[in-house]
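So the chains spell out like this:
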Amino acid sequence: AMMQPHAAAPLNSVCGLSVNGKHLDLTPLFAKNGSYLIHTKNYTYEIQVCANVKTSFPAKCTTPSPANEIDPTTGACTYLGDITTVAWDESPDKDGVYVTYYHGQLDGRVYHRMTRIYFMCNPKVDLGEIVFEHETNRDQYHFAFPTKYACF
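A brief look at the structure comes next. This is a predicted model, so every value here is computed, not measured.

**Thoughts on unusual backbone geometry**
Reasoning step 1: In this model, C50 sits at a positive phi of 75°, which is unusual for a non-glycine residue.
Reasoning step 2: One can find C50 in the loop between β4 (44-47) and β5 (67-70).
Reasoning step 3: With relative accessibility at 15%, the residue C50 sits in the buried group.
Reasoning step 4: Phi at K94 takes a positive value of approximately 60°, unusual for a residue other than glycine.
Reasoning step 5: Take K94: it is sitting in the loop between β7 (86-90) and β8 (96-101).

The following block contains the structure:
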């Protein structure tokens, strides 16, 4: 079943969706301390669910965003999406949901950065470890988040 994208959705509707009468609510995944921090070899990422990040790097991260990339060497902060420009899609394998934030910071050429978080259904886990999967060559940042809250 195709889902209706919630383009430019008001903030109170960025936390769930319904598919064929079944409902998903990601509200319990909101990080009460302001964000989830994901560390990779080269960068630190901040992700929030259902809201913009309350950044740990306020001097550098000045644009409100649900996802940031911080370069620990320079302190530079790049915003990776706009919470008002979000799409929800059931995963093709029906094992979760993709939440995609568009209109992130321009990369200086053609593409706006965007973030896709794959909330993977795992009935055994409230909050699994969020993993940075990869960045595509078109500035798409992919994260995976196992959780029982993504199970229809």
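**Comments concerning the packing of aromatic side chains**
Reasoning step 1: This model, assessed by the stated rule, comprises eight aromatic pairs.
Reasoning step 2: Aromatic rings pair up to connect Y43, Y45, F132, Y141 and F143 into one cluster.
Reasoning step 3: Stacked on the ring of Y98, the Lys or Arg R116 has its end atom at 4.9 Å from the ring centre.

**Quick look at the sheet that holds strand β9 (residues 114-121)**
Reasoning step 1: If you trace the five strands from one edge of the open sheet to the other, you get β7-β8-β9-β11-β10, paired in mixed fashion. In the strand order of this sheet, the two ends are held by β7 and β10 (131-135), each with one partner. Direction aside, the axes of adjacent strands within the sheet are offset by 20° on average.
Reasoning step 2: Bridge analysis of β10 against strand β11 (residues 140-147) gives four bridges, and the strand direction is antiparallel. Looking at the pairing, E135 lines up with Y141 of β11.

**Some points on the sheet that holds β5**
Reasoning step 1: Pairing is antiparallel in the open sheet, where four strands are placed in the order β3-β4-β5-β6. With partners counted over all chains shown, the strands left at the sheet margins are β3 (36-39) and β6 (77-79), one partner each. With direction set aside, neighbouring strand axes in the sheet form an average angle of 20°.
Reasoning step 2: Relative to β6, β5 runs antiparallel, the two being bridged by three bridges. From the neighbouring strand, E69 faces β6, where its bridge partner is T78.

**Some thoughts on the state of the cysteines**
Reasoning step 1: Per the counting criterion, the structure on display carries three disulfides.
Reasoning step 2: Residue C15 pairs covalently with C50 via a disulfide, S to S 1.7 Å. When the S-S torsion is 75°, as for the bridge of C15 with C50, the disulfide is right-handed. Taken as a pair, C15 in the segment before β1 (16-19) and C50 in the loop between β4 and β5 lie far apart in primary sequence, 35 residues in all.
Reasoning step 3: Since its relative accessible area comes to 11%, C15 is described here as buried.
Reasoning step 4: Each sulfur in the disulfide pair C121 and C151 lies 2.0 Å from the other. Taking the sign of the torsion about the S-S bond as the criterion, the disulfide between C121 and C151, at about 95°, is right-handed. A residue pair is termed long-range when its members are at least 10 positions apart, and C121 in strand β9 and C151 in the segment after β11 qualify at 30 residues.
Reasoning step 5: Assessed through its relative accessible area of 30%, C121 is described here as partly exposed.
Reasoning step 6: Disulfide connectivity for the protein chain, with bonded cysteines indexed by sequence position, reads 1-2, 3-4, 5-6.

Criteria and cut-off values
Residues numbered from 1 in each chain as written. Predicted model: local features only at pLDDT ≥ 70, side-chain atom pairs only at ≥ 80, totals over all residues. Heavy atoms only, no water. Helix = DSSP H or I, 4+ residues; strand = E, 2+ residues; numbered from the N terminus. Buried < 20%, exposed > 50% of the residue type's maximum accessible area, 1.4 Å probe, protein only. Phe/Tyr/Trp six-rings, centres within 6.5 Å; stacked < 30°, edge-to-face > 60°. Lys NZ or Arg CZ within 6 Å of the ring centre and 35° of its normal. Pairing = 2+ DSSP bridges. Axes fitted to C-alpha atoms, helices over the stretch in contact; angles between N-to-C directions. Disulfide = S-S within 2.5 Å.

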